[in-house]
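# Overview (structure and organization)
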Amino acid sequence: MDYPPKLMPHNLHNAKLFASKYSLISSLQERLKNSTIAEIGVAYGDFSEYMINTLQPKRFDAYDLFSWTSDEVVWGKECKEKFDGKTHLEFFNQRFKSLIDDKKMFVFQGDSSSNLQNSDIFYDMIYIDGNHSVDGVRRDAFAALSKLNGNGILIFNDYILYDHFTGTEYGVIHVVNDLCVNHGLRVTGFALANHMFCDISLERQYYI
């Protein structure tokens, strides 16, 4: 894998450092209350719930393949312990049933970049934690950018080159740095994490 583009000081002008991704999200409470938010890659929905409770958006859209099966082991635990006989999608829908029934959450199963491009919604914030390959992150990033409001926020999970638990190369740094160096975005926040699976937030340098 090639080296990612190198960030320069102007790509991080006035960026803030946070102790965790939870602190980063909490810092956006006033700005994003009653907003439209999307999350790409929702897993079990734990962080979805935190963002919803903290930011209180008027609409939250969840994008995921919802492809985990009960016999898989994720983060050291068998999925069947969570799913209780349900599919991944059924589990997620049940967890957020009240929000879905109230049309405050919409759930999209399948390729996130394709589903996002087909959406007629524009978002104030999009949180990206989907396919971590260079191509996968790039597809999600540019689909998200096309559906981001002018002063919207992109947040990427796992700003790291290599997953030292699974031995997998990640493409998040390559895509994020390219967005800043070549596509007019800037880093506004960086959130530390255990084992350095950090989060990074971007905004456009000049609002459109």
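Description of the structure in this document.

Conventions we followed
- Each residue is numbered by its place in its chain's sequence as written, counting from 1.
- The model is predicted, so local features are restricted to residues of pLDDT at least 70 and side-chain atom pairs to those at 80 or more, both for listing and for counting; the totals for chains, interfaces and linings are taken over all residues.
- Only hydrogens and water are set aside; all other atoms, that is, all heavy atoms of the structure, feed into the side-chain values.
- Each helix is a run of H or I in the DSSP string that is no shorter than four residues. Each strand is a run of E no shorter than two, and both are numbered from the N terminus.
- Relative accessibility thresholds used throughout: buried, under 20% of the residue-type maximum; exposed, over 50%; partly exposed, between the two (1.4 Å probe, protein chains only).
- By definition, residues are in contact when any of their heavy atoms lie within 4.5 Å.
- Areas reported as accessible are Shrake-Rupley estimates using a 1.4 Å probe. Residue values count occlusion only from the protein chains shown.
- In this count, Lys and Arg are taken as positive residues and Asp and Glu as negative ones, while His and the chain termini are left out.
- Charge placement uses NZ in Lys and CZ in Arg. For Asp and Glu, CG and CD serve respectively.
- Two strands pair if DSSP finds at least two bridges between them.
- By convention a nonpolar core is built from buried Ala, Val, Leu, Ile, Met, Phe, Trp, Tyr and Cys residues, the set being connected through side-chain atoms within 4.5 Å.
- For cavity detection a 1 Å grid was placed over the protein atoms alone, and a set of points counts as a cavity when a 1.4 Å probe fits there but cannot get out; an open set counts as a pocket when protein lies on both sides within 12 Å along at least five of seven lines, with lining residues being those that have an atom within 4 Å of a point.
- Grid points are joined across faces, edges and corners, and a volume is the space filled by probe spheres set on the points.
- Charged residues are taken to be Asp, Glu, Lys and Arg, nonpolar residues to be Ala, Val, Leu, Ile, Met, Phe, Trp, Tyr, Cys and Pro, and polar residues to be all remaining types, Gly included.
- Defined by distance alone, a disulfide is two cysteine sulfur atoms within 2.5 Å.
- Angles run from 0 to 180 degrees between N-to-C directions of axes, and those axes are lines fitted to C-alpha atoms, restricted for helices to the stretch in contact.

### Here we look at the overall build of the protein chain
The helix and strand inventory of the protein chain stands at nine helices and 12 strands. Here the protein chain, with 208 residues, has 47% of them falling under the buried criterion. Summarising the internal contacts of the protein chain: among those between residues at least 6 apart in sequence, 67% fall at separations of at least 24. In the structure as shown, the protein chain presents an accessible area of about 10,900 Å², 50% of it carried by carbon and sulfur atoms. Measuring between centres, the 20 positive side-chain charges of the protein chain sit 7 Å from its 27 negative side-chain charges.

### Re the pairing of strand S12 (residues 199-204)
For S12, the tally of buried residues reaches six of six residues, placing the bulk of the element in the interior. Going residue by residue along S12, you find Asp199, Ser201 and Glu203 tucked away on one face and Ile200, Leu202 and Arg204 tucked away on the opposite face as well. Where strand S8 (residues 148-156) lies against S12, three bridges are found, and the strand directions are antiparallel. Bridge pairing in S12 links phenylalanine 156 to isoleucine 200.

### Section: the nonpolar core
By size, the foremost hydrophobic cluster in this structure holds 29 residues, and its most contacted members are Ile126, Leu154, Phe156, Leu179 and Leu202. Those elements that place two or more of their residues in this core are strand S2 (36-40), strand S7 (123-128), helix H8 (134-146), S8, helix H9 (172-182), strand S11 (185-191) and S12. Every residue in contact with phenylalanine 156, bar those within four places of it in the chain, is listed here: Ile128, Val137, Ala141, Val172, Val176, Leu179, Cys198, Asp199, Ile200 and Leu202. The next biggest cluster of nonpolar side chains, apart from the first, holds 22 residues, and it includes Leu24, Leu32, Met51 and Met105.

### As for empty space enclosed by the protein
Counted under the stated rule, the structure contains one cavity of 30 Å³ or more. Of the volumes computed, that of the largest cavity is approximately 40 Å³. In terms of lining residues, the largest cavity is bounded by Ile128, Asp129, Gly130, Asn131, His132, Val137, Phe156, Asn157 and Val172. In the lining of the largest cavity, the residues fall into four nonpolar, four polar and one charged.

### Quick notes on the state of the cysteines
A complete count under the given rule lists zero disulfides for this structure. Residue cysteine 180 stays outside any disulfide, its sulfur separated by 15 Å from that of cysteine 198, the closest cysteine. Accessibility expressed as a relative area gives 2% for cysteine 180, which makes it buried.

### Observations concerning the sheet that holds S11
Read from one edge of the open sheet, eight strands run S1-S11-S12-S8-S7-S2-S3-S6, paired in mixed fashion. Where the open sheet ends on each side, the last strands, each with one partner, are strand S1 (16-18) and strand S6 (105-109). Across the sheet, the mean angle separating the axes of adjacent strands is 20 degrees when strand polarity is ignored. In this structure, S2 lies alongside S7, joined through four bridges in parallel fashion.

### Examining the environment of glycine 136
For glycine 136, the location among the structural elements is in helix H8. In sequence terms glycine 136 and glycine 171 are 35 residues apart; their C-alpha atoms lie 8.1 Å from each other.

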